[in-house]
Amino acid sequence: MSILVVTVALLGQALSPEGAQREERLKYMKDRTAEFVLLCESSKEPLSLKEEAIVRFNNPERESGTWDGATFLWLNGTKPVAAISYGIRRPNNAVFREHTSFSATPLVCRKGQTDVWLPKSGGLSGQQFADAPPPAETAASRLTQMRSLARRFFSFMFAKR
C-alpha cells in the first residue's frame, strides 16, 4: 500500500501544472543559452557549454522578484571560464540575462554572427594562498581544507530602504 501511495504522489508531482511549467521554463533557459558561442579571443574553437544548469534558483519573497532562474557554465576542459544566468521575473515573465567571466584573458561571446559580450578580463583573479597547505591526498581531506580556507572570506550587503 505504501509503495502505491508514494508512486501516486510522485506521479502527481511530475504531472502537476506547476512542475510542467517549471520544466518548460528550464528548457527555455537551456535553449536560449545554447544560442550563444563563447571563444577565447585567441582561439577559433568554441568553449564547451555544460548542458545542465549548475544552480536553479528563485526569490518568491519579493513582489517583483525572480521567480525562476538558472546558471550555466562554459568550460575549458574541466575549468569554468564563464557563466550565464537567467532570471524570469514577475509580473510579466520578463527575462533577464547576465554574463560573468572568470578568465584572465579576453573572451568573445556570439549569438549568430553578432558579438554580444566582449569581456577583456574576468572578475576573478587566480591567486595563491601564501600559507595554504598543499592539497591533501583524499577528497574528504581536501574538502576539509577548502572549508578551512573559505572561512577566511566574508561578505556583507547594505540594503537601501
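As a starting point, this report considers the structure included with it. Small disclaimer: the values here were computed from a predicted structure and weren't measured.

**Describing unusual backbone geometry**
With a phi angle near 60°, Asn93 is a residue other than glycine that sits in the positive phi range. Of note, Asn93 is situated in the loop between β5 (79–89) and β6 (94–101). Residue class for Asn93 comes out partly exposed when judged on its relative accessible area of 46%.

**Examining the environment of Ile84**
With respect to the helices and strands, Ile84 occurs in strand β5. Looking at Ile84, the relative accessible area reads 0%, which means it is buried. C-alpha of Ile84 to C-alpha of Thr71: the two residues are 13 residues apart in sequence and 5.6 Å apart in space. Ignoring sequence-local partners within four residues, the contact set of Ile84 consists of Thr33, Phe36, Ala70, Thr71, Phe72, Trp74, Arg97, Glu98 and His99.

**A few points about the sheet that holds strand β1 (residues 36–40)**
One open sheet accounts for three strands, arranged β1-β7-β8; its pairing is antiparallel. Each edge of the sheet is formed by a strand with only one pairing partner; in this case those strands are β1 and β8 (114–117). Neighbour-to-neighbour, the strand axes of the sheet open up by a mean angle of 40°, direction not taken into account. Relative to β8, strand β7 (residues 107–111) runs antiparallel, the two sharing three bridges. The partner of Arg110 across the bridge, within β8, is Asp115.

**So, the pattern of salt bridges**
Summed over the entire model, instances satisfying the criterion amount to nine salt bridges. For Glu35, the salt bridge is made with Arg32, and the minimal N-O distance between the two is 3.0 Å. According to the relative accessible area criterion, Glu35 is partly exposed, its value standing at 30%. On the accessibility criterion, Arg32 (26% relative accessible area) is partly exposed. A salt bridge links Arg110 to Asp115; the nearest nitrogen and oxygen atoms lie 2.7 Å apart. Via salt bridges that share partners, Arg22, Arg25, Arg56 and Asp68 belong to a single interconnected network.

Calculation rules
Residues numbered from 1 in each chain as written. Predicted model: local features only at pLDDT ≥ 70, side-chain atom pairs only at ≥ 80, totals over all residues. Heavy atoms only, no water. Helix = DSSP H or I, 4+ residues; strand = E, 2+ residues; numbered from the N terminus. Buried < 20%, exposed > 50% of the residue type's maximum accessible area, 1.4 Å probe, protein only. Contact = heavy atoms within 4.5 Å. Pairing = 2+ DSSP bridges. Axes fitted to C-alpha atoms, helices over the stretch in contact; angles between N-to-C directions. Salt bridge = Lys/Arg side-chain N within 4 Å of Asp/Glu carboxyl O.

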